[in-house]
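# Residue-level structure breakdown
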Amino acid sequence: MKKLVILGAGAGGTMVATKMREKLDPKEWKITVIDRDWKHHYQAGWLFVPFGIYTLDDCEKPKADFLHGVDFVQDTITNVDPEKKVVTCSGGKYEYDWCVVGTGCRIMPDEIDGMMDDWRGDIHDFYTPDGAEALFKKWKYMKEGRVVLNIAEMPIKCPVAPLEFVYLADWFFTVNGVRDNIEIELVTPLTGAFTKPVAAEILGRVCDEKNIKVTPNFTIDNVNVGKKVIEDVMGEEIPYDLLVAIPPNFGAQVLIDSGIADPMGYMDTDKHTLKSAQFENMYIIGDATNCPTSKAGSVAHYEADIVVDNLLREIDGEEPRPEYDGHSTCFIVSGYEKAYLIDFNYDVEPLPGKYPFPGLGPFALLGENHQNYWGKMMFKWAYFNLMLKGHELPLEPQMFMAGKMRHMAGK
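Each chain has its residues counted from 1, running along the sequence as written. With the structure being a predicted model, the display of local features is reserved for residues of pLDDT at least 70 and the display and counting of side-chain atom pairs for 80 or more, all residues being used for whole-chain, interface and lining totals. Calculation of side-chain values draws on the structure's entire complement of heavy atoms; hydrogens and water are dropped beforehand.

Taking an unreviewed UniProt entry as the reference, the protein is identified by name as FAD-dependent pyridine nucleotide-disulphide oxidoreductase belonging to Pseudodesulfovibrio profundus.

Here it is as structure tokens:
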């Protein structure tokens with residue numbers, strides 16, 4: 001019997017497992033999914049926990065709910081050997097014919113000097129479930145002070161999440177009646193509020209309208225918890241009362257230890273086929289890749305179809321097709337039950353226009369409205385009830401071409 005081993009049961013790994021189980025004959029193929037955590041986390045939902053919109057229970061379900069017809073192994077991966085095609089875990093070894101790596105990425109606050117000196121004191125995060133919950137408890141009665149959100153470096157999971165966070169903070173403190181007494185500052189290594197010029201101008205203007213200060217080109221060097229400042233490599237200091245940190249994001253440590261990833265834990269991936277650029281019979285998906293696109297759930301969703309198609313092609317003796325174009329779709333919540341929407345790929349930056357969505361759309365691109373907000377909130381339901389179970393959304397890659405034409409036409 002042939003063996004497909006999938007490392008990680010996050011968004012990418014789960015979708016590939018579900019789709020491949022439908023495609024491969026169970027009498028000929030054994031599919032094994034390995035992950036150390038029995039809970040599946042809707043990571044996009046963590047953003048809402050500090051504001052009391054979601055609880056952690058809203059964002060978690062057992063992975064067993066989505067992994068049917070496969071062997072789910074709850075264990076810690078300790079080594080990946082692509083030459084011998086063996087994955088070693090704390091509890092045993094697993095040989096494979098094909099392997100899909102979907103081990104995600106994680107925050108590394110200890111990479112910044114001084115950050116751990118007051119971690120979960122006056123320095124918090126929302127990129128982990130415990131961090132998001134702790135932040136809500138920390139500031140739900142906050143009445144005055146300086147809230148500074150700092151992005152240490154790129155890439156990070158969900159590049160729009162920092163903007164969503166400061167927009168929601170403006171809303172949160174306004175409805176609590178204390179906004180006039182609280183400063184909000186976004187401190188970023190980017191040249192503006194976002195990475196691409198048109199979106200950066202529009203989303204930066206939103207910051208201005210909400211009285212959110214944006215400090216660009218800031219590369220953090222250290223945190224001085226005694227002075228309560230963050231300092232950049234040029235010596236500039238920014239004071240805070242509450243620091244919301246987005247530390248460096250690294251891939252899985254086991255990939256580094258196994259010698260198959262770069263020093264930050266990301267694997268060299270063909271950005272169009274999603275096949276490993278170094279190792280045979282291996283594909284990479286989601287946050288584990290070094291593809292120049294967003295590390296986001298929508299990306300993993302689009303990539304899953306490409307990985308499945310190319311795996312099946314290679315199993316049948318055909319060459320993989322270079323069909324992934326870097327497609328990413330992101331709702332940007334702006335508070336007051338409104339949101340923006342951006343859609344882009346490797347070649348087309350986010351631009352104003354319309355995004356087709358049968359039955360619900362079209363959604364406005366780079367335009368704020370209630371429809372976009374409820375589209376984002378609906379996405380959690382679709383994620384748990386459709387995407388992870390192998391069902392398709394109407395938001396599919398073939399529809400991107402229609403959206404792309406609208407972008408290019410400026411409509």
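A few words on the sheet that holds strand β2 (residues 29–35). Only strands joined by at least two bridges in the DSSP assignment are considered to pair. Helix and strand labels come from DSSP, where a helix needs a run of H or I of at least four residues and a strand needs a run of E of at least two; each type is numbered from the N terminus. Taken in spatial order, the five strands line up as β5-β2-β1-β9-β20 in an open sheet, and their pairing is parallel. In this open sheet, the two edge strands, each paired with only one partner strand, are β5 (71–74) and β20 (282–284). Neighbour-to-neighbour, the strand axes of this sheet turn through a mean angle of 20 degrees, independent of strand direction. When checking whether two residues touch, look at their non-hydrogen atoms; a contact exists if any pair is within 4.5 Å. As a rule, the C-alpha atoms of each element are fitted with a line to give its axis, helices using only the stretch in contact, and angles between N-to-C directions run from 0 to 180 degrees. Of the strands in this sheet, β1 (2–7), β2 and β9 (98–101) are in contact with helix α1 (residues 11–23), which crosses β2 at around 165 degrees.

To continue, consider helix α6 (residues 297–315). Given a rise of 1.5 Å per residue, 19 residues ought to cover 27 Å, and the 27 Å separating the end C-alpha atoms of α6 matches this to within 8%. The angle between axes fitted to the seven residues ending at a residue and the seven residues starting there is what we call the bend at that residue. At Glu-303, α6 shows its strongest bend, of approximately 25 degrees. Positive phi appears at Gly-317, one or two residues downstream of α6, with a value of about 90 degrees. Multiplying 1.5 Å by the residue count of a helix minus one yields the expected span of that helix.

On to unusual backbone geometry, then. At the junction of Met-154 and Pro-155, the peptide bond is cis and its omega measures out at 5 degrees in the coordinates. Relative to the elements of secondary structure, Pro-155 occurs in the loop between β12 (145–151) and α3 (161–175). Not every positive phi belongs to a glycine, and Asn-211 is a case in point at roughly 60 degrees. Summarising the element assignment, Asn-211 is placed in the loop between α4 (197–209) and β14 (213–215). For Asn-217, which is not glycine, the phi torsion reads 55 degrees and is therefore positive. Within the element layout of this structure, Asn-217 appears in the loop between β14 and β15 (220–224).

This paragraph deals with the nonpolar core. Membership of the largest hydrophobic core comes to 114 residues, with the highest contact counts inside it found for Leu-4, Phe-126, Trp-139, Phe-173 and Ile-230. No other element matches α3, which puts nine residues into this core. Excluding anything up to four places from it in sequence, Trp-139 contacts Pro-50, Phe-51, Val-147, Phe-165, Ala-169, Phe-172, Phe-173 and Leu-242. Among buried residues, the Ala, Val, Leu, Ile, Met, Phe, Trp, Tyr and Cys ones that are joined through side-chain atoms within 4.5 Å form a nonpolar core. Accessibility here uses a 1.4 Å probe with only protein chains present; expressed as a share of the type maximum, an area under 20% marks a residue as buried, one over 50% as exposed, and anything in between as partly exposed. Formed by 20 residues, the second largest nonpolar core is a distinct cluster that contains Cys-89, Met-267, Met-282 and Ala-288.

On to the sheet that holds β14, then. What holds strands together in a sheet is hydrogen bonding between their backbones, with the strands either parallel or antiparallel. Read from one edge of the open sheet, five strands run β11-β18-β12-β13-β14, paired in parallel fashion. Of all strands in the sheet, those with a lone pairing partner are β11 (123–124) and β14, marking the two edges. Relative to strand β18 (residues 242–246), β12 is paired through five bridges, and the arrangement is parallel. Following the sheet pairing, Ile-151 is matched in β18 by Ile-246. In this fold α3 packs onto β12, β13 (182–187) and β18, with an angle of close to 175 degrees to the strand it touches most, β13.

As a further point, take the environment of Ala-199. Residue placement: Ala-199 occurs in helix α4. Among the residues examined, Ala-199 registers a relative accessible area of 0% and is labelled buried. Along the backbone, Ala-199 and Leu-365 are 166 residues apart, and their C-alpha atoms lie at a distance of 10.0 Å. Beyond its immediate chain neighbours, meaning those up to four positions away, Ala-199 contacts Phe-194, Gly-204, Pro-350 and Leu-366.

As a further point, take the pairing of strand β21 (residues 328–335). Taking burial as the measure, the eight residues of β21 include eight buried ones, the bulk of the element. Two strands pair when backbone bridges link them, and β21 and strand β22 (residues 338–344) are joined in this way by seven bridges, in the antiparallel orientation. For Phe-331, the partnering residue across the bridge sits in β22 and is Leu-341. From the end of β21 to the start of β22, which pair antiparallel, there are two residues, and Tyr-336 there has a positive phi angle of about 60 degrees.

Turning next to the state of the cysteines. Pairs of cysteine sulfur atoms within 2.5 Å are what we label disulfides. Counted by the stated rule, this structure contains zero disulfides. Free cysteine: Cys-105, not disulfide-bonded; nearest cysteine sulfur from Cys-158 at 11 Å. The exposure class assigned to Cys-105 is buried, which follows from its relative accessible area of 12%. Counting only cysteine sulfurs, Cys-158 is the nearest neighbor of Cys-207, a cysteine outside any disulfide, at a range of 15 Å. With relative accessibility at 0%, the residue Cys-207 sits in the buried group.

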